[in-house]
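This is what each chain is made of:
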Amino acid sequence: MATVDECRQALHDLAARLERNAETRGKLDFDRTLACRVPDLETAFHGRLADGLLTGIADGDDPKAKIALIANSDDLIALVAGRLDVTRAVTAGQVKIKANPFDLLKLRKLL
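Since this is a predicted model, take the numbers as computed values, not measurements.

Conventions and cut-offs
- Residues numbered from 1 in each chain as written.
- Predicted model: local features only at pLDDT ≥ 70, side-chain atom pairs only at ≥ 80, totals over all residues.
- Heavy atoms only, no water.
- Helix = DSSP H or I, 4+ residues; strand = E, 2+ residues; numbered from the N terminus.
- Rg over C-alpha atoms; globule rule 2.2 N^0.38 Å.
- Buried < 20%, exposed > 50% of the residue type's maximum accessible area, 1.4 Å probe, protein only.
- Contact = heavy atoms within 4.5 Å.
- Areas by Shrake-Rupley, 256 points an atom, 1.4 Å probe, with all protein chains shown as cover.
- Lys, Arg positive; Asp, Glu negative; His and termini not counted.
- Charge placed at Lys NZ, Arg CZ, Asp CG, Glu CD.
- Salt bridge = Lys/Arg side-chain N within 4 Å of Asp/Glu carboxyl O.
- Pairing = 2+ DSSP bridges.
- Axes fitted to C-alpha atoms, helices over the stretch in contact; angles between N-to-C directions.
- Core = buried A, V, L, I, M, F, W, Y, C linked by side-chain atoms within 4.5 Å.

### Details of the overall build of the protein chain
Then, number 1: For the protein chain, the helix and strand inventory stands at four helices and five strands.
Then, number 2: Along the protein chain, helices and strands appear, N-terminal first, in the series α-β-β-β-β-α-α-β-α.
Then, number 3: Relative to its length of 111 residues, the protein chain is compact, with a C-alpha radius of gyration of 13 Å against a globular reference of 13 Å.
Then, number 4: Projected onto its principal axes, the C-alpha coordinates of the protein chain cover approximately 35 × 30 × 25 Å.
Then, number 5: The 111 residues of the protein chain split such that 39% are buried.
Then, number 6: Across the protein chain, every contact between residues at least 6 apart in sequence was considered, and the portion connecting residues at least 24 apart equals 65%.
Then, number 7: Surface accessibility of the protein chain: about 6600 Å² in total, with carbon and sulfur atoms responsible for 52%.
Then, number 8: Measuring between centres, the 17 positive side-chain charges of the protein chain sit 7 Å from its 17 negative side-chain charges.

### Some details on the pattern of salt bridges
Then, number 1: Scanning the entire structure with this criterion turns up five salt bridges.
Then, number 2: A salt bridge links Asp59 to Arg8, with the shortest nitrogen-to-oxygen separation between them at 2.8 Å. Taken as a pair, Asp59 in strand 3 (residues 53-59) and Arg8 in helix 1 (residues 4-25) lie far apart in primary sequence, 51 residues in all.
Then, number 3: For Asp31, the salt bridge goes to Arg48, with nearest N and O atoms at 2.8 Å. With a gap of 17 residues between them, Asp31 in strand 1 (residues 31-38) and Arg48 in strand 2 (residues 43-50) connect regions that are remote in the sequence.
Then, number 4: For Asp31, a relative accessible area of 39% translates into the label partly exposed.
Then, number 5: Via salt bridges that share partners, Asp5, Arg8 and Asp59 belong to a single interconnected network.

### Comments concerning the sheet that holds strand 3
Strand pairing in a sheet relies on backbone hydrogen bonds. The paired strands run either parallel or antiparallel.
Then, number 1: Spatially, the five strands line up as an open sheet ordered 3-2-1-4-5, and their pairing is mixed. Looking at which strands have only one partner, the edges of the open sheet turn out to be strand 3 and strand 5 (95-98). Each strand of the sheet is rotated relative to its neighbour by a mean of 20°, with strand direction disregarded.
Then, number 2: Sheet analysis places strand 2 next to strand 3, joined by five bridges and oriented antiparallel. Bridge pairing in strand 3 links Ala50 to Leu53.

### Points about the nonpolar core
In summary, soluble globular proteins display a tendency toward joint burial of nonpolar side chains.
Then, number 1: Core analysis: the largest hydrophobic core is formed by 26 residues, its most contacted members being Cys36, Leu49, Leu54, Leu76 and Val95.
Then, number 2: Broken down by element, this core gets its largest block of residues, six residues, from helix 1.

Below, the structure is given as structure tokens:
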């Protein structure tokens, strides 16, 4: 099981990757609140996806977030590191993403 600090760092790593991607492909018109819930650690993080960037990462849940990513700590780390394919993880039930269908399509472009 990964630690809370490792999960927090994984989200910051994801933010850095999205920023690098935005520089090469241009910014995506997308502005949504995001909650990342890690049930095995009984913790959560929240932030904002805006223009293809993940910003304002902070501890704590945002129950009103438009997008919710739910994953156990090891799966979150593997997902961000690229060792776990998001489509397979969602299909297998390892990772859950709660969002409207249009937001899911835009999320695929980000990742």
